[in-house]
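# Descriptive analysis of the structure
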Amino acid sequence: MGSIMRGASFCWLFVAGVLTCVCASAERLRSPWDATTITPTDAPYNCPAPPAFARTINVEGYYTDKQHSVIDPAKLAAFNAASEGPTHIGQYATTAADAWLSKGSRAAAACVYSLLDAAARADAWDGKMPQLNGVYLQNWMLSGTAIAYLKVRNSHEGTPDQDADIQKWFRI
């Protein structure tokens, strides 16, 4: 009888733990920057134009051997050209987000929203990637831009529509 009671107690504890996790997951995820207090300023920020967008990234690897140690210069050039847009959107958004954090520049926070919203509205790089390298680049780009977004999401410089578009885009 004691083992049955212990089993039942364990079962209830397990169910309570699962319910706690489910309720907690319904809350907004917290980022390390949510607790950071930024004093907004009118510091200027020169927002670059968004890079050219595409639905997919079709690029082959640039190594010529199975050990991935010998680089084909022509394939590397093609890879760099194909990855330019996703690389630039990440660089531009991250640089602007860091300017928001370090200078409180409203213009920089607005820049992040502008860049990411433009990508979201263009469905940038959210198609099915024809090669694994495209999948890798897509993941790196989304990871980098998501971090930039987390840095500015409490800035109140984006509109509710921009927030919705960007969050939907991140759910590719």
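Our structure's up above, just so we're on the same page.
Residues numbered from 1 in each chain as written. Predicted model: local features only at pLDDT ≥ 70, side-chain atom pairs only at ≥ 80, totals over all residues. Heavy atoms only, no water.

## So, a nonpolar patch on the surface
Together, Leu132, Tyr136 and Trp140 make up a nonpolar patch on the protein surface, roughly 380 Å² of accessible area in all. Structurally, tryptophan 140 can be placed in helix α5 (residues 132-152). (Patch = residues over 30% accessible without salt bridge, like charges linked within 9 Å, V, L, I, M, F, W, Y side chains within 5 Å. Areas by Shrake-Rupley, 256 points an atom, 1.4 Å probe, with all protein chains shown as cover. Salt bridge = Lys/Arg side-chain N within 4 Å of Asp/Glu carboxyl O. Helix = DSSP H or I, 4+ residues; strand = E, 2+ residues; numbered from the N terminus.)

## What to know about the pattern of salt bridges
Within the structure shown, the criterion is met by six salt bridges. The shortest N-O distance in the salt bridge between glutamate 157 and arginine 106 comes to 3.8 Å. Highlighted residues: glutamate 157 in the loop between α5 and α6 (160-170) and arginine 106 in helix α4 (residues 106-121), separated in sequence by 51 residues. Owing to a relative accessible area of 31%, arginine 106 belongs among the partly exposed residues under this scheme. (Buried < 20%, exposed > 50% of the residue type's maximum accessible area, 1.4 Å probe, protein only.)

## Observations concerning the packing of helix α3 (residues 84-103) against α5
Between α3 and α5, the least distance of the axes is 8 Å, while the angle of their chain directions is 20 degrees. By the angle between their axes, α3 is roughly parallel relative to α5. Regarding α3 and α5, the two cross each other, and that crossing is left-handed. Judged by residue contacts, Pro86, Ile89, Gly90, Ala93, Thr94, Ala97, Asp98, Trp100 and Leu101 of α3 engage Met141, Gly144, Thr145, Ala148, Lys151 and Val152 from α5. Of the residues that constitute the contact of α3 with α5, the class distribution is nine nonpolar, four polar and two charged. (Axes fitted to C-alpha atoms, helices over the stretch in contact; angles between N-to-C directions. Parallel < 35°, antiparallel > 145°, perpendicular 65-115°, else oblique. Left-handed = near helix turned anticlockwise from the far one by under 90°. Contact = heavy atoms within 4.5 Å. Nonpolar A, V, L, I, M, F, W, Y, C, P; charged D, E, K, R; others polar.)

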